[in-house]
Amino acid sequence: MAGHTDNEITIAAPMDLVWDMTNDVDNWPRLFSEYASVDVLERDGNRVTFRLTMHPDDQGRVWSWVSERTADPAARTVRAHRVETGPFQYMNIVWEYAETAEGTRMRWMQDFAMKPDAPVDDAGMTDNINRNSRTQMALIRDRIEQAAGERRTAPALAD
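These lines cover the structure that appears in this document, whether it is placed above or below. Everything numeric here is computed off the predicted structure, so don't read it as measured data. (Residues numbered from 1 in each chain as written. Predicted model: local features only at pLDDT ≥ 70, side-chain atom pairs only at ≥ 80, totals over all residues. Heavy atoms only, no water.)

Now for the overall build of the protein chain. Assigned secondary structure in the protein chain consists of three helices and seven strands. Its helices and strands taken in sequence order, the protein chain reads β-α-α-β-β-β-β-β-β-α from the N to the C terminus. In terms of overall size, the protein chain behaves like a compact globule, its C-alpha atoms giving a radius of gyration of 17 Å where 159 residues would be expected to give roughly 15 Å. Projected onto its principal axes, the C-alpha positions of the protein chain cover 65 × 35 × 30 Å. Out of the 159 residues in the protein chain, the part that is buried amounts to 42%. For the protein chain, long-range pairs separated by at least 24 residues make up 51% of all intrachain contacts whose partners lie at least 6 apart in sequence. Of the roughly 9000 Å² of accessible surface on the protein chain, a fraction of 48% belongs to carbon and sulfur atoms. Side chains of the protein chain carry 18 positive and 27 negative charges; the gap between the two charge centres is 1 Å. (Helix = DSSP H or I, 4+ residues; strand = E, 2+ residues; numbered from the N terminus. Rg over C-alpha atoms; globule rule 2.2 N^0.38 Å. Buried < 20%, exposed > 50% of the residue type's maximum accessible area, 1.4 Å probe, protein only. Contact = heavy atoms within 4.5 Å. Areas by Shrake-Rupley, 256 points an atom, 1.4 Å probe, with all protein chains shown as cover. Lys, Arg positive; Asp, Glu negative; His and termini not counted. Charge placed at Lys NZ, Arg CZ, Asp CG, Glu CD.)

Before going further, it helps to spend a moment on the sheet that holds strand E7 (residues 103–114). Sheet architecture is open: seven strands sit in the order E1-E7-E6-E5-E4-E3-E2, paired in antiparallel fashion. Strand pairing shows two members of the sheet lacking a second neighbour, strand E1 (3–11) and strand E2 (35–44), which therefore form its edges. The sheet shows a mean angle of 20° between the axes of neighbouring strands, taken without regard to direction. Contacts from helix H1 (residues 15–22) reach E1, strand E4 (64–72), strand E5 (77–82), strand E6 (88–100) and E7 within the one sheet, and its direction differs from that of E6 by about 160°. Relative to the sheet, helix H3 (residues 122–153) contacts E1, E6 and E7, its axis offset from that of E1 by approximately 15°. (Pairing = 2+ DSSP bridges. Axes fitted to C-alpha atoms, helices over the stretch in contact; angles between N-to-C directions.)

This brings us to the nonpolar core. Trp28, Phe32, Trp95, Tyr97, Met106 and Ile144 are the most contacted members of the largest nonpolar core, which has 38 residues in total. For this core, the element with the highest residue contribution is H3, accounting for seven residues. Among all residues touching Met106, those that are not within four sequence positions of it are Asn7, Glu8, Ile9, Ile11, Thr22, Trp95, Glu96, Tyr97, Met137 and Ile140. (Core = buried A, V, L, I, M, F, W, Y, C linked by side-chain atoms within 4.5 Å.)

Under the definition given, this model contains 11 salt bridges. The partner of Asp16 in a salt bridge is Arg76, and the shortest N-O contact between them spans 2.7 Å. Taken together, the residues Asp16 in helix H1 and Arg76 in the loop between E4 and E5 connect sequence positions 60 residues apart. Of the charged contacts, one joins Arg43 and Asp26 as a salt bridge, the two residues approaching to 2.3 Å between their closest N and O atoms. One end of the pair, Arg43, is in strand E2; the other, Asp26, is in the loop between H1 and helix H2 (28–31), and 17 residues separate them in sequence. (Salt bridge = Lys/Arg side-chain N within 4 Å of Asp/Glu carboxyl O.)

Next up on the list: the side chain of Asn130. Within the fold, Asn130 resides in helix H3. The residues contacting Asn130, other than those within four sequence positions of it, are Thr5, Asp6 and Asn7.

Here we take up the packing of H1 against H3. At their nearest, the axes of H1 and H3 sit 10 Å apart, and the two run at 125° to each other. One element, H1, and the other, H3, form an angle in the oblique class. Classified by chirality, the crossing of H3 by H1 is right-handed. Within the contact between the two elements, H1 uses Leu17, Val18, Met21 and Thr22 and H3 uses Ile140, Arg143, Ile144, Ala147, Ala148 and Arg151. Here the contact of H1 with H3 is built from residues that sort into seven nonpolar, one polar and two charged. (Parallel < 35°, antiparallel > 145°, perpendicular 65-115°, else oblique. Left-handed = near helix turned anticlockwise from the far one by under 90°. Nonpolar A, V, L, I, M, F, W, Y, C, P; charged D, E, K, R; others polar.)

What follows is the structure, encoded as structure tokens:
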């Protein structure tokens, strides 16, 4: 059996700002609360390969892995997968963005399977990812909406 999650949130900000901030992998430690660092290993057009390192968990363990993301700006989608799978047999992620009357809807869909010796099974990881996705999406929404507000209230530059 495999795991699947599907989470979304609407951000009261323009599409370009949401797209730019959430696809700026170098700044993810300032956008997500769970990431301690990111090291970009390779860029090739709209594809980026990078190492993510999380803050230590409750047991003091530090989780790190390499992922690859390929953005499609025209379709406003991103496809990603773990290159170093760690406890996962595989992990595939699709991010979708859509303009709505309320702002920009951001959706994350994750398909994965855990290895037999992983510390949690597919159902347990599904629960973990759903819980964490809601937390991170709300944080990202708040940070992007704050940035959008700062842009709207920034004084215009005189000629």
